[in-house]
Amino acid sequence: AQSVTQPDARVTVSEGASLQLRCKYSSSGTPYLFWYVQYPRQGLQLLLKYYSGDPVVQGVNGFEAEFSKSNSSFHLRKASVHWSDSAVYFCVLRVVSGSFNKLTFGAGTRLAVCP
Amino acid sequence: EAAVTQSPRSKVAVTGGKVTLSCHQTNNHDYMYWYRQDTGHGLRLIHYSYVADSTEKGDIPDGYKASRPSQENFSLILELASLSQTAVYFCASSGHQDTQYFGPGTRLLVL
């Protein structure tokens with residue numbers, strides 16, 4: 001079975017501080033991993049994706065994520081957060097089933113950035 | 001950039017009534033999806049489609065129907081709305097084995 005676990009439901013950081021949001025996955029096949037962000041009352045926007053190659057992938061707005069096969073993890077990082085980064089962040093696993101592009105979502109981590 | 005629109009953006013429905021949620025994409029994508037999001041949870045797949053005039057069941061299809069009359073349009077139909085179907089509904093589209101692009105969501109309240 002495929003699954004995604006985001007162990008932190010809520011994270012609060014001060015503006016300018018560094019950030020790490022944790023994600024653990026379980027996949028029987030090759031994992032394709034994504035981070036999406038959901039701003040208040042908006043749809044989901046893609047931050048970054050990992051298919052293969054360099055385990056550190058760069059995304060938009062200074063975000064990056066590191067894939068670790070040995071730890072089954074795909075943690076999201078940012079060196080210095082801004083108040084506008086306050087949102088819900090979803091770690092997502094893509095499972096290839098025939099020709100179907102099925103996504104498995106984590107429960108999300110709500111990030112609050114305090115001034 | 002990919003463009004997926006949904007209508008209405010919010011709706012209040014009565015229990016037992018019929019609700020239709022609409023989705024339109026201009027990306028020329030073959031695949032379209034309907035998800036629901038409950039407070040504090042990730043998205044769960046209701047129905048999807050990979051070609052016009054054909055739909056497939058996702059993980060939680062009970063109580064929902066879907067319709068794909070054209071490549072651009074994908075509807076989600078609640079024939080008999082129930083309280084438990086209060087949620088935010090997201091539509092998405094993608095190419096084959098490609099990144100999914102999401103619409104802004106429809107907030108449905110069933111009373």
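Since the model is a prediction, treat every value here as computed from it, not as a measurement.

Conventions and cut-offs
- What you see as residue numbers is a count from 1 along each chain, following the sequence as written.
- Chains carry letters and ligands carry numbers; both start at the beginning, A for chains and 1 for ligands, and go up in the order they are written.
- Where totals are concerned, whole chains, interfaces and linings use all residues; where local detail is concerned, this predicted model gives features only for residues with pLDDT of at least 70, and gives and counts side-chain atom pairs only at 80 or more.
- For side-chain calculations, the full set of non-hydrogen atoms in the structure is used, while hydrogens and water are omitted.
- Segments assigned H or I by DSSP are reported as helices when at least four residues long, segments assigned E as strands when at least two residues long, and all are numbered from the N terminus.
- We take the radius of gyration over the C-alpha atoms and set the globule estimate at 2.2 Å times the residue count to the 0.38 power.
- Only protein chains enter the accessibility calculation, which uses a 1.4 Å probe; a residue is then buried when its area is under 20% of its type maximum, exposed when over 50%, and partly exposed in between.
- Residues qualify for a patch when their relative accessible area is over 30% and they have no salt bridge, like charges being joined within 9 Å and the nonpolar side chains of Val, Leu, Ile, Met, Phe, Trp and Tyr within 5 Å.
- For the area figures, the Shrake-Rupley method with a 1.4 Å probe applies, and any residue is considered shielded solely by the protein chains shown.
- Here, a salt bridge means any Lys or Arg side-chain nitrogen found within 4 Å of an Asp or Glu carboxyl oxygen.
- Buried Ala, Val, Leu, Ile, Met, Phe, Trp, Tyr and Cys residues form a nonpolar core when they are joined through side-chain atoms within 4.5 Å.
- Any pair of residues with heavy atoms lying within 4.5 Å of one another is described as a contacting pair.
- Throughout, buried area stands for the accessible area (probe radius 1.4 Å) lost by two parts on being put together, summed over both.
- The definition of a polar contact used here is a pair of N or O atoms within 3.5 Å, where within protein one atom must be able to donate a hydrogen and the other to accept one, and adjacent residues in sequence count solely through side-chain atom pairs.
- Residues are grouped as follows: Ala, Val, Leu, Ile, Met, Phe, Trp, Tyr, Cys and Pro are nonpolar; Asp, Glu, Lys and Arg are charged; every other residue, Gly included, is polar.
- The definition used for a disulfide is geometric: two cysteine sulfur atoms within 2.5 Å.

## Overview of the overall build of chain A
Piece 1. Within chain A, the regular secondary structure consists of zero helices and 12 strands.
Piece 2. Its helices and strands taken in sequence order, chain A reads β-β-β-β-β-β-β-β-β-β-β-β from the N to the C terminus.
Piece 3. Relative to a compact globule of 115 residues, whose C-alpha radius of gyration would be 13 Å, chain A shows 14 Å and is just as compact.
Piece 4. For chain A, the spread of C-alpha atoms along the principal axes amounts to about 45 × 30 × 25 Å.
Piece 5. Per-residue burial over chain A gives 46% buried out of 115 residues.

## Brief notes about a nonpolar patch on the surface
Piece 1. A surface patch of nonpolar side chains, amounting to about 290 Å² of accessible area, comprises Val12(B), Leu109(B) and Leu111(B).
Piece 2. Judged by its relative accessible area of 57%, Leu111(B) is exposed.

## Some words on the pattern of salt bridges
Residue and element names in this part refer to chain A.
Piece 1. Tallied over the entire structure, the rule returns eight salt bridges over all chains.
Piece 2. The shortest N-O distance in the salt bridge between arginine 22 and aspartate 8 comes to 2.9 Å. Taken together, the positions of arginine 22 in the loop between β3 (19-21) and β4 (24-26) and aspartate 8 in the loop between β1 (3-5) and β2 (10-14) put the pair 14 residues apart, joining distant regions of the chain.
Piece 3. Overall, the relative accessible area of 36% leaves arginine 22 in the partly exposed class.
Piece 4. Among the salt bridges present, the one from glutamate 64 reaches arginine 77, with a minimum N-O distance of 2.7 Å. In this pair, glutamate 64 sits in strand β8 (residues 64-68) while arginine 77 sits in strand β9 (residues 73-78), placing the two residues 13 residues apart along the sequence.
Piece 5. Assessed through its relative accessible area of 24%, arginine 77 is described here as partly exposed.

## Quick word on the nonpolar core
Where a protein is soluble and globular, its nonpolar side chains tend to be buried together.
Residues and elements named next belong to chain A.
Piece 1. Leu19, Trp35, Leu47, Leu48, Phe74, Leu76 and Tyr89 are the most contacted members of the largest nonpolar core, which totals 28 residues.
Piece 2. Looking at this core, the elements with two or more residues in it are β2, β3, β5 (32-38), β6 (44-50), β8, β9, β10 (87-97) and β12 (109-114).
Piece 3. Counting residues per element, this core draws most heavily on β10, at five residues.
Piece 4. If near-sequence neighbours (up to four positions away) are discounted, leucine 76 is found in contact with Leu19, Gln20, Leu21, Trp35, Leu47, Leu48, Phe63, Glu64, Ala65 and Tyr89.

## Overview of the interface of chain A and chain B
Accessible area lost on assembly of the parts is the figure often given for the size of an interface.
Piece 1. The interface of chain A with chain B comprises 22 residues on the first partner and 23 residues on the second.
Piece 2. Here chain A meets chain B over a buried area of about 1,800 Å², counting both sides, of which 49% is carbon and sulfur.
Piece 3. The residue Lys102(A) makes a salt bridge to Asp59(B) at a minimum N-O spacing of 2.4 Å.
Piece 4. Here chain A and chain B share four residue pairs in polar contact (both at pLDDT 80 or more) between them.
Piece 5. Sorting the residues of the side of chain A that touches chain B by element identifies β5, β6, β10 and β11 (100-105) of chain A as the ones contributing at least two each.
Piece 6. When grouped by side-chain class, the residues that make up the side of chain A that touches chain B number 11 nonpolar, seven polar and four charged.

## Thoughts on the side chain of His47(B)
Residues and elements named next belong to chain B.
Piece 1. Topologically, histidine 47 is positioned in strand β5 (residues 43-51).
Piece 2. Within the structure, histidine 47 has its side chain in polar contact with the backbone oxygen of glutamate 56 (distance 3.2 Å).
Piece 3. Polar contacts involving the side chain of histidine 47 include one to the main-chain carbonyl oxygen of tyrosine 64, which spans 3.0 Å.
Piece 4. Not counting the four nearest positions on each side in its chain, histidine 47 is found in contact with Tyr33, Trp34, Glu56, Lys57, Gly58, Pro61, Tyr64, Lys65, Ala66, Phe74 and Leu76.

## Details of the state of the cysteines
Piece 1. Per the counting criterion, the structure on display carries two disulfides over all chains.
Piece 2. One disulfide bridge connects Cys23(A) with Cys91(A), the sulfur atoms lying 2.0 Å from each other. Residues Cys23(A) and Cys91(A) are joined through a disulfide that is left-handed, its torsion about the S-S bond being -65 degrees. Remark: Cys91(A) occurs in strand β10 and Cys23(A) occurs in the loop between β3 and β4; sequence separation between them is 68 residues.
Piece 3. The residue that forms a disulfide with Cys23(B) is Cys91(B), at a sulfur-sulfur distance of 1.9 Å. Taking the sign of the torsion about the S-S bond as the criterion, the disulfide between Cys23(B) and Cys91(B), at about -80 degrees, is left-handed. Note that Cys23(B) is positioned in strand β3 (residues 19-25) and Cys91(B) in strand β9 (residues 87-94), a separation of 68 residues in sequence. Grouping residues by exposure puts Cys23(B) and Cys91(B) together as buried.

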